[in-house]
Amino acid sequence: MSSLTLNGVTVNFPFPPYDCQKDYISKVIECLQKKVNGVLESPTGTGKTLCLLCATLAWREHFKDTVSARKIAERLGGEVMFPNTPLSSWGTAATDGDTPTYTDVPKIIYASRTHSQLAQVINELKNTSYRPKVCVLGSREQLCINQEVMRQESNHAKVHMCRGKVSTRSCVYYNNVEGKSTDKDLVNSILDVEDLVKFGNKQRVCPYYLSRSLKQQADVIFMPYNYLLDPKSRRAHNIELNGAVVIFDEAHNVEKTCEESTSFDLSPYDVASAVNAVDRLLVEKAKDVCHGDSATEDFNVESLNSGLKMDIATIARIKQILLDLEAAIDSYDVPSDKGVTKPGIFIYELLERAHLTYNSKTAVYEALEQISTFLAGQPGIFLNTSGLQKLADIIQLVFCGEPSEKERQQQMQSNTAHFKVHIHRDTSYHKKKQSTDVWASSSSKKQGNILSYWCFSPGFSMQDLVNQGVRCIILTSGTLSPLSSFTSEMRIEFPVTLENSHVIERDQIFVSVIDRGPDGVQLSSAFDRRFVPENMASLGNTVANLSRVVPHGLLVFFPSFPLMEKTLDFWRANGHADRIENVKPMFVEPKGKGTFTEIIDGYYNKVNDPASKGGSFFAVCRGKASEGLDFADTFGRGVIITGLPFPPKMDPRVILKMQFLDEMCRKKTPGLKYLSGQQWYRQQAFRAVNQAIGRVIRHKDDYGAIFLCDQRFKMSDARAQLPSWVRPYVRLYDGFGNVVRDVSQFFRVAQKMRPVVEKKAAPESCRTVCLPHTQSSSLTSCSSSQSSHTQKAKMLDAHLPSLKRRRLNEHTGAKGMASICMEYECEVQESQRRPANLLDFLERGDHCSAEDDDAVVGEEKANSLSTLSLQYDKRMDDELRGGKRKIKLVQEQKMSRLEDVSEEGKARRAKNFLAEMKKSLSQVTFDRIVQALQTYKKTDNLDVLLTETAVLSEDTNTHSLLRVFYPGGVQTKHSVEKQRACLHLVLTCIWGDLIESGHFSLTYCKHTSVWFTVVQFAL
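Throughout, residues of each chain are indexed from 1 in the direction in which the sequence is written. Totals for whole chains, interfaces and linings use all residues, but because this is a predicted model, local features are given only for residues with pLDDT of at least 70 and pairs of side-chain atoms are given and counted only at 80 or more. Note that the side-chain values use all heavy atoms of the structure and ignore hydrogens as well as water.

### Quick look at the overall build of the chain
Line of reasoning, step 1. The helix and strand inventory of the chain stands at 42 helices and 26 strands.
Line of reasoning, step 2. Accessible area is worked out with a 1.4 Å probe on protein chains only. A residue is then buried under 20% of its type maximum, exposed over 50%, and partly exposed in between. Looking at the 1019 residues of the chain, the share that counts as buried comes to 54%. Only DSSP runs of H or I covering at least 4 residues are called helices, and only runs of E covering at least 2 are called strands; the numbering of each starts at the N terminus.

Below you can see the structure in the form of structure tokens.
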């Protein structure tokens, strides 16, 4: 452990700090001591988080010492205890006019974008010598362990049911909070969300309310930064900011979060679902009044254990408000392609037409909350109350503050100065399925107008934090450049700024602007050039050539998903994708969250495979891969930026944002400086580029290359927007050949100076693909072995997408149907087969540890799902040419190991699988399948099990669950016909369209116990 003293504060650091780390720590301490705000940029890999934690906690301890020094001086009555150490040397807290107390020691509120990023921060804290009392805040979604609450369909339903159980003390976990919140092991431990949930399950105590209890005595409180910036969340979590130090890590997204947390979109569906919910309540209450002893208007439904005390007239008034609001919004005749934009203060005029004013806001808000709570607590009834909850949130946002009659107009102008009201048509009406809510009536499915209330200044939220009395605000990230434009958006003063240098040397980074491809065609993602065939072809040639000289992992970032999809389509049709695929197999970032983890794991595994030349990962700027993912060392040796990711210029919100900034610039308010609309527009593009660039260098020994493949990067003003640590290394080239020459030399030198540990090859070939009618009769590839005990199994369809992508030889002259025959070799010995279904998990021990098993399943899913993003079924007829292809996919054998047959082991595995199934299925489907499994265990009746599990084949999101039922113990103890039914159901998940069209057959060989599956593709 090393220590250094900066500005009078001694900081303990895990190792001797670099100069850039000393600069960073010094700036943090300056902010804390002088009570001023700071914006600190330090590149990824410079230990920013560690510096931030050590500096802040060291200053906090020093502050406590100054309070102690002041109290000692008061006790001594003016006598000097340490003659050589005057009182002033202890710091400002010791010499301030007011007498400080220990309760004045500031709390540290540490906010980052997501809980996963906070988990990394908490792990860093464990590596320091500091042991503060900590607390991490989360939502019920993440922390609640009451299964009845978690079974609720929507988040707001969970909230209201939880509140109901807490108020009646009917939650056993909540009832234990008071006794466990003072547990010494808990209070003195540094726990993240996952640790808190484990503690809650073990001790049968609610992690959600436990974290709120720990917050009171915590020195450091961790939370996602929308908890701080969203006024509703701040009130819900009772976050006290007076005198606190507020830190925003990964602050490059703060601007967007500030604006979104104070904006809303109220759709026709929201209003209609709220009306339906109130209608249902009115019907229930009217029935109850009719059957009651007296039909008094003062109707109390406490007899239904709801706790709701509201007369029917009040419920009817709420319905009238909703109908009036709907009529007011729909009264505007809006062109289909445009909207109606009004000043922010217009929101009050619109809501007043629905009788929503400062005078009525409290009564309406409380009524909406009571109705939502009542409906959420009704057993056996599911009603969508999200519309009611949204209206309650809108009332809190718009009618903030409690102004007097005289001050009301001024308050309304202040509240709405940075907002616009935009009314536009609901274009999603024809796009989304209307059957998602079975309770929704036809009235909730009609088309109408959307009321949008958009904030266009992140300074609105920042000013709100300052008004709460915070000591200082520190914004930090690896990509905040240019700082001047970033700070001007925030509307608060930032006296302390830092653009830190990197810890790397010149020979660790190569940056080049490539304005022309190998064929001399100019590269540009500008609107008029992006889809020009010559431009896309030249970019494809550029990426293909660079993939040959960049070792290991290559990252390619596109400006947007539509551009990436169209470009990859073009490359597949014209052979560019094949050239890249032959060198570095292609992995593509999916739009949804569902398969991202599997795809990125597949990419990591391919880069780690000693038999491969690495992999290429295609992603978009501002996407998940560009935001905080770790591509250290071999996982990211090169980053290609294919263009400038400007926001969509025709998007109404982008247009209004630019107009708003231009209006602010014209006003020239004294003391406030605003970006122009065009400056903001450029800033957004370059900040996204800088974030993607940050993936390449992740620590002091890392190295890599950055290729800026757009001719606009040649302009000096564009290069000036790049991070300060990148700018000195940017090279301009006249020809593409010179780039290849220099980058090849760069990697040769870097690999000699910083060699990586050689990857060991797997001991045996684990997958064989036979192509009898192609030039190469067999292709063998090996997966890397993750341990000395086992080789990782491959999913059956691992190579099929690559067959779809690859143009097959056309000289075979085959006509009619091209058949692909796949042989699945079943493993006969049960001891050599990994349990792969629920019954195996329930009835027998696992062959491997939980960690090994997770790794195996992860790679299996990766090999299947990562390549699914490359499959384009619509192009199959165009791409498949040639004769029959026979592929033999042989699952690898796993070495048998000692089985864990303990009851505890069985219970744990069954619980984990059931939990995964419960996450993915509705409660009704889950209950049906569990019942079918229990029946199957007792009776061996496979027909019932097949009938109930068939529903899993209807949704791609549940295919992975279905595959767990087969192969495994289910099929081997049944007849051939029943095995056929199981296999048919599983393969429906993989090739559903083909199977439904009848181009599919299953054949069983009795001699070899092997199933043959023939899939025919029409030419």
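### Considerations on the sheet that holds strand β8 (residues 264-266)
Line of reasoning, step 1. Strands are labelled as partners when DSSP assigns at least two bridges between them. What the four strands build is an open sheet, ordered β8-β11-β10-β9; its pairing is antiparallel. Two strands bound the open sheet, and with one partner strand each, they are β8 and β9 (339-343). Looking at each pair of strands side by side, their axes are set apart by 15° on average, direction ignored.
Line of reasoning, step 2. As judged from the three bridges shared by β8 and strand β11 (residues 449-455), these two strands associate in the antiparallel manner. The residue of β11 that forms the bridge with Phe 264 is Tyr 453.
Line of reasoning, step 3. Working rule for contacts: check all heavy atoms of both residues, and any pair within 4.5 Å makes them a contact. Axis definition: a line fitted to C-alpha atoms, over the contacting stretch in the case of helices. Angles run 0 to 180 degrees between N-to-C directions. Packed onto the sheet, helix α20 (residues 386-398) meets β8 and β11 and runs at close to 135° relative to β8.

### Structural notes on helix α37 (residues 923-939)
Line of reasoning, step 1. Given the number of residues in a helix, its expected span is that number minus one, multiplied by 1.5 Å. For α37, built from 17 residues, the straight-helix expectation of 24 Å at 1.5 Å per residue is met to within 8% by its first-to-last C-alpha distance of 24 Å.
Line of reasoning, step 2. Every buried residue of α37 is listed here: Thr 925, Phe 926, Ile 929, Val 930, Ala 932, Leu 933 and Tyr 936. On an axial view of α37, the arc spanned by its buried residues comes to 160°, and they lie on one face. Turned more than 90 degrees away from the buried face of α37 sit Val 924 and Lys 938, all of them exposed. Regarding the arc, it is the one traced by the directions from the helix axis to the C-beta atoms.

### Observations regarding the pairing of strand β3 (residues 38-41)
The side chains of a regular strand alternate between the sheet's two faces.
Line of reasoning, step 1. Side chains of β3 alternate between two faces, with Gly 38 and Leu 40 and Val 39 and Glu 41 buried alike.
Line of reasoning, step 2. Of the strand pairs in this sheet, β3 and strand β12 (residues 472-477) are connected by four bridges, and their pairing is parallel. From the neighbouring strand, Val 39 faces β12, where its bridge partner is Leu 475.
Line of reasoning, step 3. Examined bridge by bridge, β3 and strand β13 (residues 496-499) share four bridges and lie parallel to one another. When the bridges of β13 are listed, Glu 41 appears paired with Glu 499.

### Some details on unusual backbone geometry
Line of reasoning, step 1. Not every positive phi belongs to a glycine, and Arg 169 is a case in point at roughly 50°.
Line of reasoning, step 2. Looking at Arg 169, the relative accessible area reads 46%, which means it is partly exposed.
Line of reasoning, step 3. Residue Asp 633 is not a glycine yet carries a positive backbone phi of 55°.
Line of reasoning, step 4. Along the polypeptide, Asp 633 turns up in the loop between β17 (615-620) and β18 (638-641).

### Let's talk about the pairing of β18
Line of reasoning, step 1. A two-sided burial pattern is seen for β18, the buried positions comprising Gly 638 and Ile 640 on one face and Val 639 and Ile 641 on the other.
Line of reasoning, step 2. Bridge analysis of strand β15 (residues 553-558) against β18 gives four bridges, and the strand direction is parallel. Bridge pairing in β18 links Val 556 to Ile 640.
Line of reasoning, step 3. With four bridges joining them, β18 and strand β19 (residues 704-708) adopt parallel strand pairing. Paired with Gly 638 across the two strands is Ala 705, which belongs to β19.

### What about the packing of aromatic side chains?
Line of reasoning, step 1. Stacked, tilted and edge-to-face are the three classes applied to pairs of Phe, Tyr and Trp rings, where Trp contributes its six-membered ring and a pair requires centres within 6.5 Å; stacked means planes under 30 degrees apart, edge-to-face means over 60, and tilted covers the rest. All told, the structure shown has 34 aromatic pairs when counted by the stated rule.
Line of reasoning, step 2. For the pair Tyr 348 and Phe 399, a centre-to-centre distance of 5.6 Å together with 70° between the ring planes defines the contact as edge-to-face. Of this pair, Tyr 348 sits in helix α18 (residues 346-352) while Phe 399 sits in the loop between α20 and α21 (408-416); the two residues are 51 residues apart in sequence, bridging distant segments of the chain.
Line of reasoning, step 3. What makes Phe 399 buried here is its relative accessible area of 3%.
Line of reasoning, step 4. Seen in terms of ring centroids, Phe 456 and Phe 660 are 6.0 Å apart; in terms of plane orientation they differ by 35°. Their pairing is tilted. Residue Phe 456 is found in the loop between β11 and α22 (459-467), and its partner Phe 660 is found in helix α28 (residues 652-667); the two are separated by 204 residues along the sequence.

### Brief notes about the confidence of the model for the chain
Line of reasoning, step 1. For the chain, per-residue confidence averages 75 on the pLDDT scale, and 69% of positions sit at 70 or higher.
Line of reasoning, step 2. Considering only residues more than four positions removed or in separate chains, one finds that residues 990-999, a stretch of pLDDT under 50, has 21 contacts. pLDDT: the predictor's confidence for each residue, scored from 0 to 100.

### Here's the deal with the sheet that holds strand β6 (residues 220-224)
Line of reasoning, step 1. As summarised here, the arrangement of the seven strands in space is β5-β6-β4-β7-β12-β3-β13, forming an open sheet in which the pairing is parallel. Each of the sheet's edge strands pairs with one partner strand only, and the pair in question is β5 (134-136) and β13. Each neighbouring strand pair of the sheet contributes to a mean axis angle of 15°, computed without reference to strand direction.
Line of reasoning, step 2. Alignment of strand β7 (residues 245-248) against β12, held across four bridges, turns out to be parallel.

### A word on the packing of helix α7 (residues 155-167) against helix α19 (residues 361-376)
Line of reasoning, step 1. Taken N-terminus to C-terminus, the directions of α7 and α19 make an angle of 90°; their axes are 8 Å apart at the nearest point. By the angle between their directions, the pair α7 and α19 is classed as roughly perpendicular. Seen from α7, the contacting residues are Ala 157, His 160, Met 161 and Arg 163; seen from α19, they are Glu 369, Ser 372, Thr 373 and Ala 376.
Line of reasoning, step 2. A breakdown of the residues in the contact of α7 with α19 according to their chemical character gives three nonpolar, three polar and two charged. Orientation categories follow fixed angle ranges, with anything under 35 degrees roughly parallel, anything over 145 roughly antiparallel, 65 to 115 roughly perpendicular, and all other angles oblique. Three classes are used, and their members are as follows: Ala, Val, Leu, Ile, Met, Phe, Trp, Tyr, Cys and Pro are nonpolar, Asp, Glu, Lys and Arg are charged, and the others, Gly among them, are polar.

### Things to note about the environment of Lys 180
Line of reasoning, step 1. Looking at where Lys 180 falls in the secondary structure, it is placed in helix α9 (residues 177-180).
Line of reasoning, step 2. In this structure Lys 180 comes out as partly exposed when scored by relative accessible area, which is 25%.
Line of reasoning, step 3. For Lys 180, the residues in contact, after removing those within four places along its chain, are Leu 186, Gln 203, Val 205 and Leu 210.
Line of reasoning, step 4. Think of a polar contact as two N or O atoms within 3.5 Å of one another; within protein, one of them needs to be a possible hydrogen donor and the other a possible acceptor, and neighboring residues in sequence only count if both atoms come from side chains. Among the polar contacts listed, one links the side chain of Lys 180 to the side chain of Gln 203, at a separation of 3.0 Å.

### Quick word on α28
Count 3.6 residues to each turn of an α-helix, and residues three or four apart come out pointing the same way.
Line of reasoning, step 1. In this model α28 runs 23 Å from its N-terminal to its C-terminal C-alpha over 16 residues, within 8% of the 22 Å that 1.5 Å per residue would give.
Line of reasoning, step 2. Among all positions of α28, only Val 654, Leu 656, Lys 657, Met 658, Phe 660, Leu 661 and Met 664 are buried.
Line of reasoning, step 3. Along its buried surface, α28 packs onto α15 (254-261), β9, β10 (419-425), β11, α23 (483-490) and α29 (677-693).
Line of reasoning, step 4. Remark: Lys 668 follows α28 within two positions and exhibits a positive phi of approximately 50°.

### Some details on the nonpolar core
Line of reasoning, step 1. Here the nonpolar core consists of buried residues drawn from Ala, Val, Leu, Ile, Met, Phe, Trp, Tyr and Cys, with membership extended through side-chain atoms lying within 4.5 Å. Counting 96 residues, the largest nonpolar core has Phe 222, Phe 248, Met 462 and Leu 475 as its most contacted members.
Line of reasoning, step 2. At eleven residues, helix α2 (residues 48-76) tops the list of elements feeding residues into this core.
Line of reasoning, step 3. One finds Leu 351, Leu 375, Ile 394 and Leu 451 within the second-largest nonpolar core, a separate group that totals 49 residues.

### As for the pattern of salt bridges
Line of reasoning, step 1. Take a side-chain nitrogen of Lys or Arg and a carboxyl oxygen of Asp or Glu: if they are within 4 Å of each other, that pair is a salt bridge. With the rule as written, the count across this model stands at 29 salt bridges.
Line of reasoning, step 2. The network of salt bridges with shared partners includes Lys 48, Asp 249 and Glu 250.

### Quick word on the side chain of Ser 525
Line of reasoning, step 1. Along the chain, the position of Ser 525 falls in the loop between β14 (509-513) and α24 (533-549).
Line of reasoning, step 2. Here Leu 644 takes part through its backbone nitrogen, which lies 3.2 Å from a polar atom of the side chain of Ser 525.

### A few points about the side chain of Glu 369
Line of reasoning, step 1. Relative to the assigned elements, Glu 369 resides in helix α19.
Line of reasoning, step 2. Among the polar contacts made by the side chain of Glu 369, one reaches the side chain of Arg 163 at a distance of 3.2 Å.
Line of reasoning, step 3. Glu 369 has contacts with His 160, Arg 163, Gln 389 and Ala 392, leaving out every residue within four places of it along the chain.

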